[in-house]
Amino acid sequence: MERVTTIFGVPAPLLFGQLLLGLINGAFYAMLSLGLAIIFGMLNIINFAHGALFMMGAFVAWMLLSYAGIGYFPSLILAPLIVGLFGVILEKTLISRLYKLDHLCGLLLTFGLALVIQGLFRNYYGSSGMPYPIPGVLQGATNLGFMFLPNYRGWVVAVALLVCLATWAIIEKTPLGATLRAATENPGLVQAFGVNVPRLITLTYGGGVALAAFAGVLAAPIYSVNPNMGDNFINVVFAVVVIGGMGSILGSIVTGFGLGVVEGLTKVFWPQASATVVFLVMVIVLLARPRGLFGKLA
Amino acid sequence: MMAGFSRPERIALMVLLTLIVASPFVLYPIFLMRVLCFALFACAFNLLIGYVGLLSFGHAAFFGMGSYVAAWTMKFWHLDAAVAILLGGVAGAALGLCLGYLAIRRSGITFAMITLALGQMVYFFCLEAPFTGGEDGIQLVPRGHVLGFIPLTNDMVMYGLVAGVFLAGFLFIHRVIHSPFGQVLKAIRENEPRATSLGYRTSDYKLIAFVLSSALSGVAGGTKAIAFGIATLTDVSSGTSGEVVLMTLLGGLGTVFGPVAGATLVVAMETYLAQFGAWVTVAQGAIFVVCVLAFRRGIIGEIGTRLRAAL
């Protein structure tokens, strides 16, 4: 009989398997909290509809496949565009009316929007969920020597990392990003320089929403496409945002991936606590460093 | 009992009392008990959002914990209903002290997100903990007796107890709001740095308000568990947290009677539109959107403005 390597008394394949699952969840936490951070930085609202728009991304991909026969890779571009456009419409017609009011109004409005979107999808598609096939090229698994890596899961982690880093680079290293950061800091002054700040805000919201939809398409083959799929993520993502610090771009990426891994490891060593571990980390961070790991002093 | 009520408030209170006494002869007591439990819950929630300006998105944790504790003590210790409800309140207060201590470190949007996350943590705890019965919840809770000798099996008697608990909680909240303590809370809502500069330890005031609110939410949850004989995960879920926000917003944030009106409408919508399934969720979301965009004072707040009276 073949001997199974153990690490800390845990079989290695189990440990690596959970680590990979953790990384995948972390990839989604990172992409979602990144979108939240970008939107928060510019609009000063927390987008409670983020989970619903993530779900919408997965659904649009599923619809494109089922009704139009459009496959996974075009959907990866099309679905974020469609959902992003929807976000732009939401911002233009509803959210933009609230900027002069208390920030809590934006929170309540987006919470209501989330209920409407989720309710509509539940009406037409039920709660049971639809399968979305893994694209042919990414099926199968690769033997890494110490474990089998399902190709699609490896792809998700890689693409998510790439998209997160690209977003970070756009915001921190390009002229567009510089304008964006300046407009976050002092919108009045940037407007005086001739930049159309309201349009910038609209596009930022659209961009953040598109990122959520992109994550939704990536998630579609892993989790079943159902109206509640956003809920499972978004509550954890809010804790991730609190831990990372509100509005920090790099913070949300690092904390997202990091907490995914922490969650995966907890599943190996103390399975009952795996659902609560992120919240426990949040409690510790709140006690030790209330502004979050990467947060600036208010 | 009427002390501290302004004239318009007195008239509104008379209307409310008349409705509480008369409605069980017209409507189902079961439905009305649900309304009153959620009305107390919404009033407790309003104490935080309406008077301290703290929006909690995890208030179901206190409601649910009160519900579990009251149900468990009724079923396994066969306590008096009043004691079980009180214990529900104590459970809510204890949990509120722990979570409030953490949450009041931040304010505004972050406070909302922290309370949401903490509420979710309590939900997962209740899912795993042995005493809650997991997915099944605690079912077949006996109603027992109140004050040692009055059996609660009759719906009308049970309704009397629920109405009594609601009124006691309602009057208590009114007393708190109009006390010097309540004035400081409002000062914190309007301008926290100024309240601090006047020498008030604002975090202490916020924590006390949080504990009071969660204690009353626990009482509401405990009453609900005994009246309906069941405590489930729904009571601690984020859906319930969202509902109480909706009730208060619809009725009018920071009004004394608003949460009662909001709770009545929301519970009525859920009860009488239940056959439309997920459309109820869509309608609730739409109400949120309309309230925030065009109707920020809420029903009672709007009536109060028309009549130029604070209700």
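Everything below is about the structure printed above this text.
Residues numbered from 1 in each chain as written. Chains lettered and ligands numbered in written order. Predicted model: local features only at pLDDT ≥ 70, side-chain atom pairs only at ≥ 80, totals over all residues. Heavy atoms only, no water.

Visitor: How should the overall build of chain B be read in this particular structure?
Guide: Helix and strand counts for chain B stand at 14 helices and 2 strands. The C-alpha radius of gyration computed for chain B amounts to 19 Å, which stays within 12% of the reference 19 Å derived for 311 residues, consistent with globular compactness. Its C-alpha atoms give chain B principal-axis dimensions of about 50 × 40 × 40 Å. Here chain B holds 311 residues, and the buried ones make up 59% of them. Within chain B, contacts between residues at least 6 apart in sequence are counted, and of these 76% link residues at least 24 apart. Element-wise, carbon and sulfur atoms account for 67% of the exposed surface of chain B, whose accessible area totals about 12,500 Å². (Helix = DSSP H or I, 4+ residues; strand = E, 2+ residues; numbered from the N terminus. Rg over C-alpha atoms; globule rule 2.2 N^0.38 Å. Buried < 20%, exposed > 50% of the residue type's maximum accessible area, 1.4 Å probe, protein only. Contact = heavy atoms within 4.5 Å. Areas by Shrake-Rupley, 256 points an atom, 1.4 Å probe, with all protein chains shown as cover.)

Visitor: Whenever I open this one, the interface of chain A and chain B confuses me. Can you help?
Guide: For interface size, the figure often reported is the accessible area lost on association. Listed per partner, the contact involves 42 residues of chain A and 39 residues of chain B. Counting each side, the surface lost to burial between chain A and chain B is near 3,400 Å², with a carbon and sulfur contribution of 84%. Summed over the shared surface of chain A and chain B, the number is 0 salt bridges. Taken together, the links from chain A to chain B amount to 3 residue pairs in polar contact (both at pLDDT 80 or more). Contributing elements (two or more residues each) for the side of chain A that touches chain B: helix 4 (103-125), helix 9 (229-244) and helix 11 (277-288) of chain A. Sort the elements by how many residues they give to the side of chain A that touches chain B and helix 4 of chain A lands first, with 16 residues. Taken together, the residues of the side of chain A that touches chain B sort by class into 31 nonpolar, 8 polar and 3 charged. (Buried area = accessible area lost by both parts, 1.4 Å probe. Salt bridge = Lys/Arg side-chain N within 4 Å of Asp/Glu carboxyl O. Polar contact = N/O pair within 3.5 Å; in protein donor to acceptor, adjacent residues only side chain to side chain. Nonpolar A, V, L, I, M, F, W, Y, C, P; charged D, E, K, R; others polar.)

Visitor: It is not clear to me how the environment of Tyr 124 of chain A should be interpreted in this structure. Could you clarify?
Guide: All names here are of chain A. Inspection of the secondary structure assignment puts Tyr 124 in helix 4. Accessibility expressed as a relative area gives 59% for Tyr 124, which makes it exposed. Sequence separation between Tyr 124 and Gly 177 is 53 residues; the distance between their C-alpha atoms is 40 Å.

Visitor: What is the right way to read the packing of helix 5 (residues 151-173) of chain A against helix 8 (residues 197-219) of chain A from this model?
Guide: When two helices pack together, their arrangement is given by the angle between the helix axes and the distance between those axes. Residues and elements named next belong to chain A. Orientation of helix 5 relative to helix 8, taken along the N-to-C sense of each, is 170°, at an axis distance of 11 Å. Between helix 5 and helix 8, the crossing angle belongs to the class labelled roughly antiparallel. Residues Tyr 152, Trp 155, Val 156, Val 159, Val 163 and Thr 167 of helix 5 form the contact with helix 8, whose participating residues are Leu 211, Phe 214, Val 217 and Leu 218. Considered class by class, the residues forming the contact of helix 5 with helix 8 number 9 nonpolar, 1 polar and no charged. (Axes fitted to C-alpha atoms, helices over the stretch in contact; angles between N-to-C directions. Parallel < 35°, antiparallel > 145°, perpendicular 65-115°, else oblique.)

Visitor: I would appreciate a short explanation of the state of the cysteines in the present structure.
Guide: A covalent bond between the sulfur atoms of two cysteines is referred to as a disulfide. Applying the stated criterion to the full structure yields 0 disulfides over all chains. Sulfur of Cys 105 of chain A: no disulfide; nearest cysteine sulfur belongs to Cys 291 of chain B and is 11 Å away. Overall, the relative accessible area of 12% leaves Cys 105 of chain A in the buried class. Of all cysteine sulfurs in the structure, the one in Cys 98 of chain B sits closest to Cys 126 of chain B, which takes part in no disulfide; the separation is 14 Å. (Disulfide = S-S within 2.5 Å.)

Visitor: Honestly, helix 4 of chain A in this entry has me stumped. Any pointers?
Guide: An α-helical turn contains 3.6 residues, so a residue and the one three or four places further along point in the same direction. All names here are of chain A. Counted at 1.5 Å a residue, the expected span for helix 4 with its 23 residues is 33 Å, and the 33 Å between its end C-alpha atoms agrees. Taken across its 23 residues, helix 4 has 17 buried, putting it largely inside the fold. Within two residues after helix 4, Gly 126 carries a phi angle of roughly 70°, on the positive side. (Expected span 1.5 Å × (residues − 1).)

Visitor: Can you walk me through helix 11 (residues 238-251) of chain B in this structure?
Guide: Residues and elements named next belong to chain B. The terminal C-alpha atoms of helix 11 lie 20 Å apart, and with 14 residues this matches the ideal 20 Å at 1.5 Å per residue to within 8%. With 12 of its 14 residues buried, helix 11 lies for the most part within the structure. Restricting attention to buried positions, one finds in helix 11 the residues Thr 240, Ser 241, Gly 242, Glu 243, Val 244, Val 245, Leu 246, Met 247, Thr 248, Leu 249, Leu 250 and Gly 251. Positive phi appears at Gly 252, one or two residues downstream of helix 11, with a value of about 130°.

Visitor: Before we go on, may I ask you to explain unusual backbone geometry in this structure?
Guide: Working note: non-glycine residues mostly have negative phi, and peptide bonds are mostly trans. The phi angle at Leu 140 of chain B is positive, at roughly 50°, despite the residue not being glycine. Structurally, Leu 140 of chain B can be placed in the loop between helix 5 (108-128) and strand 1 (145-146).

Visitor: Would you mind going over the environment of Gln 139 of chain A with me for this structure?
Guide: Residues and elements named next belong to chain A. Topologically, Gln 139 is positioned in the loop between helix 4 and strand 3 (141-143). C-alpha of Gln 139 to C-alpha of Ile 70: the two residues are 69 residues apart in sequence and 18 Å apart in space. In this view, Gln 139 contacts Ile 134 and Asn 151; residues no more than four positions away in its chain are not counted.

Visitor: Please explain the packing of helix 2 (residues 29-51) of chain B against helix 12 (residues 258-272) of chain B as it appears in this structure.
Guide: Residue and element names in this part refer to chain B. Contact pair helix 2 / helix 12: the axes reach a minimum separation of 8 Å and the direction vectors enclose 135°. Taken together, helix 2 and helix 12 sit at an angle that is classed as oblique. The handedness of the crossing between helix 2 and helix 12 is right-handed. Side by side, helix 2 and helix 12 meet where Phe 31, Arg 34, Val 35, Phe 38, Ala 39, Ala 42, Cys 43 and Asn 46 of the first sit next to Pro 259, Val 260, Ala 263, Thr 264, Val 267, Ala 268, Thr 271 and Tyr 272 of the second. A class-by-class count of the residues in the contact of helix 2 with helix 12 yields 12 nonpolar, 3 polar and 1 charged. (Left-handed = near helix turned anticlockwise from the far one by under 90°.)

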